[in-house]
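Take a look at the letters that make up each chain.
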Amino acid sequence: MNSTDAAKPAKGLFIRTYGCQMNVYDSERMRDVLRPLGYAPVDGPEDADLVVLNTCHIREKATEKVYSELGQLKKMKEASGGRMTIAVAGCVAQAEGEELIRRQPAVDLVLGPQAYHKLPEMIARVSRAVGDRLETEFETLEKFDALPKAREVDGPAAFLSVQEGCDKFCTFCVVPYTRGAELSRSVDDIVAEARGLAAQGVREITLLGQNVNAFHGAAPALEGGADWTLGQLCRHIAKIGGIDRIRYSTSHPRDMDDDLIAAHGDTSAMMPFLHLPVQSGSDRILKAMNRGHTAADFHEIIRKVRAARPDIGLASDFIVGFPGETDEDFEATMDLIRQTGFATAYSFKYSRRPGTPAAEMHGQVPEDVKDARLQALQSLLRDQQTTFNASCIGRTMDILVTGKGRRPGQIHGRSPYQQAVHFEGPESMIGQIASVRMIDSSMNSLTGECVSVREDAA
Ligand code: SAH
Ligand code: SF4
Ligand code: F3S
């Protein structure tokens with residue numbers, strides 16, 4: 001914190017983040033926008049002058065959570081004598097707009113994912129009780145241009161959004177409606193942000209996008225030429241001093257090009273981990289989902305990725321109970337999982353989202369069938385995750401130390417495969433990369449012992 005920040009009276013800020021990593025990134029950037037206005041984070045909403053709910057619209061449950069949280073906040077706002085300002089940001093804000101204020105009048109502000117740079121102006125409007133309380137325009141590049149260049153980050157691993165929005169229109173998904181059309185930031189802009197992160201001690205960057213491998217950002221001004229792909233961007237960021245690890249999330253099978261796959265093999269900073277959502281193993285369902293790829297396409301990508309980087313850890317997303325899904329379709333998904341072998345995965349029951357094509361399809365699957373399929377699928381995925389973690393015992397891996405452990409003397413960090421690893425060591429190692437030998441594993445984490453600390457710390 002610099003001296004001008006310290007001089008201003010602190011106002012309490014509490015941001016609750018739901019949904020994906022892009023919301024996590026956006027919440028951080030909202031803190032950056034509000035810092036110069038004297039807002040400092042507090043531990044809970046009851047101490048806050050401004051509460052922001054950064055929301056997710058992806059499944060019905062996620063959306064309902066927002067309304068129940070707003071009910072709680074309304075009581076706190078009343079108890080504060082109206083001092084608390086309540087803002088709703090994120091994808092529910094984009095999708096519901098004014099309806100949010102109608103349903104919960106305690107809400108002061110509604111702003112969509114492209115409007116965060118306008119927060120100070122909107123807060124001023126609320127305090128003067130004039131002007132619009134709703135901002136849901138789609139101006140992605142303006143957002144990135146207008147957000148403060150300086151970021152304050154906590155810890156050695158950071159997110160960096162490089163692409164927003166989606167043009168794929170999978171028939172189950174709200175993202176193309178809540179985040180708008182696909183847009184990439186320029187390489188110069190991204191590199192400037194990455195350098196700033198490195199200067200603050202960040203050693204691992206996860207490049208984010210709803211469709212991150214569809215990235216096609218303007219080439220560096222000095223080089224000109226055609227737009228860059230994600231593979232080119234990763235290779236370039238790998239050259240920034242201090243950045244030892246690069247990840248990206250989330251990818252689409254249709255955009256998994258050969259150069260990006262090759263980068264996993266020839267760029268040591270690229271972590272051996274790929275999150276590639278497939279959703280289903282049935283070609284019939286994949287077609288109805290408008291995914292634009294088959295199960296065989298997915299297997300072919302995985303074959304190529306493993307050829308480039310044999311030890312790659314794989315993650316994916318699955319939906320069970322999409323309209324029309326039969327037992328046979330579901331078995332095809334189970335087969336795909338058995339044939340591939342995942343290090344970890346996310347799986348969901350299909351949730352009917354108003355306004356999406358699948359919501360109107362025939363053959364909606366009964367809830368109890370969805371439940372049974374999800375249980376079977378998750379049990380298989382849990383077994384695979386446990387097996388993957390156990391296969392790491394005896395190996396020595398580079399662990400980026402991210403924090404203190406639960407027990408005194410213990411610290412923890414992330415393996416190249418994103419696993420949580422606990423081991424004994426001093427707190428002074430936080431932010432460094434340690435060489436750790438794995439001695440025990442469970443479904444969710446590994447335990448290790450430190451062998452050495454890498455000397456080339458930034
Ligand atoms: N852009 C990413 C994922 C975005 S949403 C991609 O294309 O893969 C994250 C995950 O939520 C999706 O991969 C999907 O598995 C799940 N999801 C999206 N809409 C859903 C719905 N209506 N019901 C259940 N799960 C859904
Ligand atoms: Fe949603 Fe499909 Fe776009 Fe992913 S690719 S964000 S699942 S529409
Ligand atoms: Fe949710 Fe929006 Fe992300 S709907 S998953 S917060 S893009």
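Residues numbered from 1 in each chain as written. Chains lettered and ligands numbered in written order. Predicted model: local features only at pLDDT ≥ 70, side-chain atom pairs only at ≥ 80, totals over all residues. Heavy atoms only, no water.

K.L.:
Would you mind going over the site of ligand 3 with me for this structure?
P.N.:
Cys20, Asn23, Thr55, Cys56, His57, Ile58, Cys91, Val175, Arg179 and Gln210 make up every residue found near ligand 3. In the shell around ligand 3, the residues fall into 5 nonpolar, 4 polar and 1 charged. If you count residues domain by domain, the shell around ligand 3 takes at least three from each of domain 1 (3–139) and domain 2 (142–390). (Near = heavy atom within 4 Å. Nonpolar A, V, L, I, M, F, W, Y, C, P; charged D, E, K, R; others polar. Domains from an automatic or database assignment.)

K.L.:
Can you walk me through the UniProt feature "domain: MTTase N-terminal" (unreviewed entry) in the protein in this structure?
P.N.:
Sites flagged by UniProt as "domain: MTTase N-terminal" (unreviewed entry) map to residues 11–128. With 48% helix and 20% strand, the stretch residues 11–128 has end C-alpha atoms that lie 17 Å from each other. (UniProt positions renumbered as here; feature names shortened; annotations may be inferred. Helix = DSSP H or I, 4+ residues; strand = E, 2+ residues; numbered from the N terminus.)

K.L.:
Mind showing me how you'd approach the sheet that holds strand 11 (residues 245–249) here?
P.N.:
Whenever strands of a sheet pair, they do so through backbone hydrogen bonds, lying parallel or antiparallel. Pairing is parallel in the open sheet, where 3 strands are placed in the order 7-10-11. For this open sheet the edge positions go to strand 7 (157–161) and strand 11, each flanked by a neighbour on one side alone. On average, each strand axis in the sheet is tilted by 25° relative to the strand beside it, whichever way the strands run. Alignment of strand 10 (residues 204–208) against strand 11, held across 5 bridges, turns out to be parallel. Residue pairing across strands places Glu204 opposite Arg245, the latter belonging to strand 11. (Pairing = 2+ DSSP bridges. Axes fitted to C-alpha atoms, helices over the stretch in contact; angles between N-to-C directions.)

K.L.:
So what exactly am I meant to see when it comes to the sheet that holds strand 5 (residues 109–111) here?
P.N.:
If you trace the 6 strands from one edge of the open sheet to the other, you get 2-1-3-4-5-6, paired in parallel fashion. Every interior strand has two partners, whereas the edge strands, strand 2 (39–41) and strand 6 (134–135), have only one. Here helix 6 (residues 119–128) sits on the sheet and contacts strand 2, strand 3 (50–55), strand 4 (85–89), strand 5 and strand 6; the angle it forms with strand 5, its principal contact strand, is near 160°. (Contact = heavy atoms within 4.5 Å.)

K.L.:
What am I meant to see in the domain arrangement of the protein here?
P.N.:
How big an interface is tends to be stated in terms of the accessible area lost upon association of its parts. By the assigned domains, the protein splits into domain 1 (3–139), domain 2 (142–390) and domain 3 (396–457). Counting from both sides, the interface comprises 27 residues of domain 1 and, opposite them, 33 residues of domain 2. Each partner contributes to the roughly 2700 Å² buried at the junction of domain 1 and domain 2, and carbon and sulfur atoms together form 55% of this total. Contact with domain 2 buries area across many residues of domain 1, yet Met22, Tyr25 and Arg29 alone supply 26% of it, more than any other trio. At the surface where domain 1 touches domain 2, the tally comes to 4 salt bridges. Across the contact surface, domain 1 and domain 2 share 13 residue pairs in polar contact (both at pLDDT 80 or more). (Buried area = accessible area lost by both parts, 1.4 Å probe. Salt bridge = Lys/Arg side-chain N within 4 Å of Asp/Glu carboxyl O. Polar contact = N/O pair within 3.5 Å; in protein donor to acceptor, adjacent residues only side chain to side chain.)

K.L.:
What should I look at first to understand helix 11 (residues 258–266) in this one?
P.N.:
Note on helix geometry: an α-helix contains 3.6 residues per turn, so any two residues three or four positions apart are oriented the same way. All of the buried residues along helix 11 are Leu260, Ile261, Ala263 and His264. For helix 11, the angular spread of the buried residues around the axis is 150°, confining them to a single face. The distance from a side-chain oxygen at the start of helix 11 to the backbone nitrogen of Asp259 is 3.1 Å, and the residue carrying that oxygen is Asp257. (Buried < 20%, exposed > 50% of the residue type's maximum accessible area, 1.4 Å probe, protein only. Arc of directions from axis to C-beta.)

K.L.:
So what exactly am I meant to see when it comes to the environment of Asp327 here?
P.N.:
Along the chain, Asp327 turns up in helix 14 (residues 327–340). Side chain to side chain, Asp327 and Arg373 meet in a polar contact 2.9 Å long.

K.L.:
What exactly am I supposed to notice about the pattern of salt bridges here?
P.N.:
Side-chain pairs of opposite charge can arise where the charged atoms are in close proximity. In the structure shown here, the tally under the stated rule is 35 salt bridges. One salt bridge in this structure joins Glu78 and Lys74, with 3.3 Å as the shortest N-O distance. Note that Glu78 and Lys74 are positioned in helix 3 (residues 60–79) at a spacing of 4 residues, about one turn of the helix. Take Lys74: its relative accessible area is 33%, and that puts it in the partly exposed class. The partner of Glu325 in a salt bridge is Arg373, with the nearest N and O atoms 2.9 Å apart.

K.L.:
Could you clarify how one ought to interpret the site of ligand 1 in this entry?
P.N.:
In the vicinity of ligand 1 there are 14 residues, among which Phe172, Gln210, Gln279, Asp317 and Ser351 approach most closely. One nitrogen or oxygen atom from the main chain of Phe172 is found 3.0 Å from a nitrogen atom belonging to ligand 1. Contact between ligand 1 and Asp317: an oxygen atom at 2.6 Å from a side-chain N or O atom of the residue. Here ligand 1 loses 89% of its free accessible area of 540 Å² to cover by the protein chains. Taken together, the elements giving at least two residues each to the shell around ligand 1 come down to strand 13 (313–320) and strand 14 (344–349). For the shell around ligand 1, the residue count by class is 6 nonpolar, 3 polar and 5 charged. (Areas by Shrake-Rupley, 256 points an atom, 1.4 Å probe, with all protein chains shown as cover.)

K.L.:
For this particular structure, what's the right way to read the state of the cysteines?
P.N.:
Per the stated rule, a full pass over the model turns up 0 disulfides. Here Cys450 is not cross-linked by a disulfide; its sulfur's nearest cysteine counterpart is in Cys392, at 17 Å. Residue classification places Cys450 among the partly exposed residues on the basis of a relative accessible area of 31%. (Disulfide = S-S within 2.5 Å.)

K.L.:
Would you mind going over the packing of aromatic side chains with me for this structure?
P.N.:
Two numbers describe a pair of aromatic rings. These are the distance of the centres and the angle of the planes. Applying the stated criterion across every chain, the model contains 6 aromatic pairs. Taking 6.4 Å as the distance between ring centres and 85° as the angle between the ring planes, the aromatic pair formed by Phe172 and Phe322 counts as edge-to-face. Residue Phe172 is located in the loop between strand 8 (163–164) and helix 8 (175–178), and its partner Phe322 is located in the loop between strand 13 and helix 14; the two are separated by 150 residues in the primary sequence. Measuring from ring centre to ring centre gives 5.5 Å for Phe318 and Phe342, while their planes differ by 85°; the resulting arrangement is edge-to-face. Of this pair, Phe318 sits in strand 13 while Phe342 sits in the loop between helix 14 and strand 14, and the two are 24 residues apart along the sequence. Comparing Phe318 with Phe342, the two get one shared label, buried. Within the aromatic cluster, the residues linked to one another by ring pairs are Phe172, Phe322 and Tyr350. Looking at Arg59, its charged tip hangs above the ring of Phe348, at a distance of 3.6 Å from the centre. (Phe/Tyr/Trp six-rings, centres within 6.5 Å; stacked < 30°, edge-to-face > 60°. Lys NZ or Arg CZ within 6 Å of the ring centre and 35° of its normal.)

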